[in-house]
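Residue-level structural notes
Each chain, letter by letter, is given below.
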Amino acid sequence: MASNVSELTTYLAYLEGEWKKSSSGETIAIQSPYLRQTIGYVQAVTQEEVDHAITEAHKAQKRWAKLSLSERGAYLEKWADELVAGSEEIAKTIMQEVGKGFKDAQKEVVRTADLIRYTVQDALHMHGESLKGDGFPGGDQKKIGIVESAPLGVVLAIAPFNYPVNLAASKIAPALMMGNAVIFKPATQGSISGVKMIEALDKTGLPKGLLSLTTGRGSVIGDYLVEHKGINMISFTGGSSTGRHLSKQTTMIPLVLELGGKDPAIVCEDADLDVAVKSIMNGAYSYSGQRCTAIKRVLVNDKIADALVSRLKAEIEKLTVGSPEKDSTIVPLIDDKSADFVQGLIDDALVKGATLVTGNKRKENLIYPTLLDNVTEDMDVAWIEPFGPVLPVIRVASDEEAIELANKSEFGLQASVFSQDIDRALAVARQVEAGTVQINGRTERGPDHFPFLGVKSSGMGVQGIHHSLLSMSRERVTVLNLK
Ligand SMILES: NC(=O)C1=CN([C@@H]2O[C@H](COP(=O)(O)OP(=O)(O)OC[C@H]3O[C@@H](n4cnc5c(N)ncnc54)[C@H](OP(=O)(O)O)[C@@H]3O)[C@@H](O)[C@H]2O)C=CC1
Ligand SMILES: O=C(O)[C@H](O)COP(=O)(O)O
């Protein structure tokens, strides 16, 4: 999968159903994390263009909401087909833009098409309900409540860099299906992938104005979008500090936040080490740990810690390191700043006495997979999300100590528990404060129809296909009062 970036394209923004240059006359250069060169430019959309896009979105939404569910679904099914048809090109863009291995990028596109199709089917099977008035004391049989889903209006979808297509579509598809219009703000690094996926949507003949793609830096147009009176709901995935900022900027509109994590793998002394090692390796290091659901700390019982650490070391040393074009597991991080941040966490732990088991090697923004043992609570890496390939091991004396440390984190996205005793694993799982606990498996968002949520600083509200459909609609209650 060789890259050719000799011809640089300036991508247009998709505003009111037309591909346009921004009146700002400004573009943003997109730098590939592994080619370390500019691969294209995207438009820096202005506040006036945002205003216009939102006004047109409201007009289009009113017409769109009148279409039947199956008519709306037909556009989305076609979008899924177009994504699959263009998967090679879209995957190449994802690879170049965010440095994800080509095969994983292709999987992201196909997973997205599957997610869109499932979203359509799920929505088609949401039947609402009817309530009888006499179900409540003193009620009357002649009163019948009809409960239907109604759209919210214009949904603002803000996506992060690491799944630029999938985490955007997982907001756009349910929003459109439930009869909303969408303003899509991709991560700046991820905007070209955003353009490609919206080109596929545009090919479906989607009504003009229903979706606009507003590229631009979050620091420049982010607050303007979030505080805009024309936005009726926000679905955001990204870092916890950005999410916290958003929740302060918004008032009285529904907000779903999927944020960072510090997912622990709790390894009890009776764990099947084959399963634990495989899951931790996959959970911690795939895409260099740039997943919100990556395993970001290991809390292992003292009695098996030596065995676990030596097996992890052996596996880490087999990991492929290098280019996403060769499908390496460990690839350069999204930018130099992120690599500096990860290096800072490693340095802090080593200064404070952690044992370097393997790694701590760096070439520019490529950080080699690193395993730190004997990590203690005074080290930043015990608590802070690296979003990079560094895994701290904290040794514990009991399940209770592991649970206490797991819950001391400000985050609560997911956790894994490894034990061959299902009663024990379940008892631990039920005490961990996290949206999801995986027993004998790696932390991960999929399958995409499962609810996906974070507690504490990891988020607010629930995603996963069905819950996204619910969060992007409201109940409309009509009461029949019969004679
Ligand atoms: N729980 C989950 O499901 C997931 C969580 N994450 C978390 O996301 C982080 C990494 O992703 P990253 O893209 O760096 O996250 P960021 O929080 O930096 O950015 C996320 C999105 O928010 C935008 N943004 C930035 N500032 C504002 C603002 N003031 N108003 C509105 N939007 C704004 C960004 O735009 P721009 O790029 O232009 O700055 C981007 O589109 C990690 O912490 C990770 O854990 C990632 C994936 C999934
Ligand atoms: O962005 C993330 O990191 C995802 O939401 C996690 O998805 P995954 O578990 O499928 O990698």
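Keep in mind the model is a prediction, meaning the values are calculated, not measured.

**Considerations on the site of ligand 2**
Around ligand 2, a shell composed of Arg 111, Asn 162, Tyr 163, Leu 167, Arg 291, Cys 292, Thr 293, Glu 444 and Arg 445 is seen. The contact in question runs from an oxygen atom of ligand 2 to an N or O atom on the backbone of Cys 292, over 2.5 Å. Within the side chain of Thr 293, one N or O atom sits 2.7 Å away from an oxygen atom of ligand 2. Within the complex, 97% of the 320 Å² of free accessible area of ligand 2 lies under protein. Among the cavities detected, the one that contains ligand 2 is the second largest pocket. Residue composition of the shell around ligand 2, by class: three nonpolar, two polar and four charged.

**A look at empty space enclosed by the protein**
Within this structure, the stated rule accounts for three cavities of 30 Å³ or more. A volume near 110 Å³ is recorded for the largest cavity. Around the largest cavity, the lining residues are Leu 115, Thr 119, Leu 167, Ser 170, Pro 174, Arg 445, Asp 448, Phe 452, Gln 463, Gly 464, Ile 465 and Ser 468. Of all the secondary-structure elements, those providing two or more residues to the lining of the largest cavity are α4 (102-124), α5 (166-177) and α14 (465-471). Per-element accounting of the lining of the largest cavity gives the leading share, three residues, to α5. Along the lines of polarity and charge, the residues of the lining of the largest cavity split into five nonpolar, five polar and two charged. Put simply, the second largest cavity is a space of about 60 Å³. Forming the walls of the second largest cavity are 14 residues, and the residues nearest its centre are Pro 264, Arg 297, Ala 406, Phe 411 and Glu 433. Residue composition of the lining of the second largest cavity, grouped by class: seven nonpolar, three polar and four charged.

**A look at the sheet that holds strand β6 (residues 129-132)**
Here three strands make up an open sheet; going across it, the order is β6-β7-β25 and the pairing antiparallel. If you trace the sheet from one side to the other, it starts and ends with β6 and β25 (473-481), each paired once. Ignoring strand direction, the axes of neighbouring strands in this sheet form an average angle of 25 degrees. Here strand β7 (residues 143-151) pairs with β25 via nine bridges, running antiparallel. What sits directly across from Lys 143, in β25, is Asn 481.

**A closer look at the side chain of Glu 258**
Turning to its location among the elements, Glu 258 is positioned in strand β12 (residues 255-258). At 7.3 Å, Lys 171 is the nearest oppositely charged side chain to Glu 258, a buried residue that forms no salt bridge. Each residue touching Glu 258, except ones within four places of it in the same chain, is listed here: Phe 236, Thr 237, Gly 238, Leu 413, Phe 452, Leu 453, Gly 454, Ser 458, Gly 461, Val 462 and Gln 463.

**Quick look at the UniProt feature "domain: Aldehyde dehydrogenase" (unreviewed entry) in the chain**
When the UniProt feature table is mapped onto this chain numbering, "domain: Aldehyde dehydrogenase" (unreviewed entry) sits at residues 19-474. Between the end C-alpha atoms of residues 19-474 there is a gap of 32 Å, over a span that is 40% helix and 21% strand.

**Quick look at the site of ligand 1**
Taken together, 31 residues lie near ligand 1, and Thr 188, Gly 218, Thr 242, Leu 259 and Glu 385 sit nearest. In the model, a nitrogen atom of ligand 1 is placed 3.0 Å from a nitrogen or oxygen of the Asp 223 side chain. Here Thr 242 contributes a side-chain N or O atom positioned 2.6 Å from an oxygen atom of ligand 1. Here ligand 1 loses 85% of its free accessible area of 900 Å² to cover by the protein chains. According to the grid-proximity analysis, the pocket containing ligand 1 is the largest pocket. Looking at the shell around ligand 1, the elements with two or more residues in it are α7 (218-227), β11 (233-237) and α8 (240-249). Broken down by element, the residue count for the shell around ligand 1 peaks at four residues, all from α7. Partitioning the shell around ligand 1 into residue classes produces 15 nonpolar, 11 polar and five charged.

Rules of the game
Residues numbered from 1 in each chain as written. Chains lettered and ligands numbered in written order. Predicted model: local features only at pLDDT ≥ 70, side-chain atom pairs only at ≥ 80, totals over all residues. Heavy atoms only, no water. Near = heavy atom within 4 Å. Polar contact = N/O pair within 3.5 Å; in protein donor to acceptor, adjacent residues only side chain to side chain. Areas by Shrake-Rupley, 256 points an atom, 1.4 Å probe, with all protein chains shown as cover. 1 Å grid on protein atoms, 1.4 Å probe; cavity = no way out; pocket = protein on both sides within 12 Å on 5 of 7 lines; lining within 4 Å. Sits in = over half its atoms within 2 Å of the grid points. Nonpolar A, V, L, I, M, F, W, Y, C, P; charged D, E, K, R; others polar. Points joined across faces, edges and corners; volume = space filled by probe spheres on them. Helix = DSSP H or I, 4+ residues; strand = E, 2+ residues; numbered from the N terminus. Pairing = 2+ DSSP bridges. Axes fitted to C-alpha atoms, helices over the stretch in contact; angles between N-to-C directions. Buried < 20%, exposed > 50% of the residue type's maximum accessible area, 1.4 Å probe, protein only. Lys, Arg positive; Asp, Glu negative; His and termini not counted. Salt bridge = Lys/Arg side-chain N within 4 Å of Asp/Glu carboxyl O. Contact = heavy atoms within 4.5 Å. UniProt positions renumbered as here; feature names shortened; annotations may be inferred.

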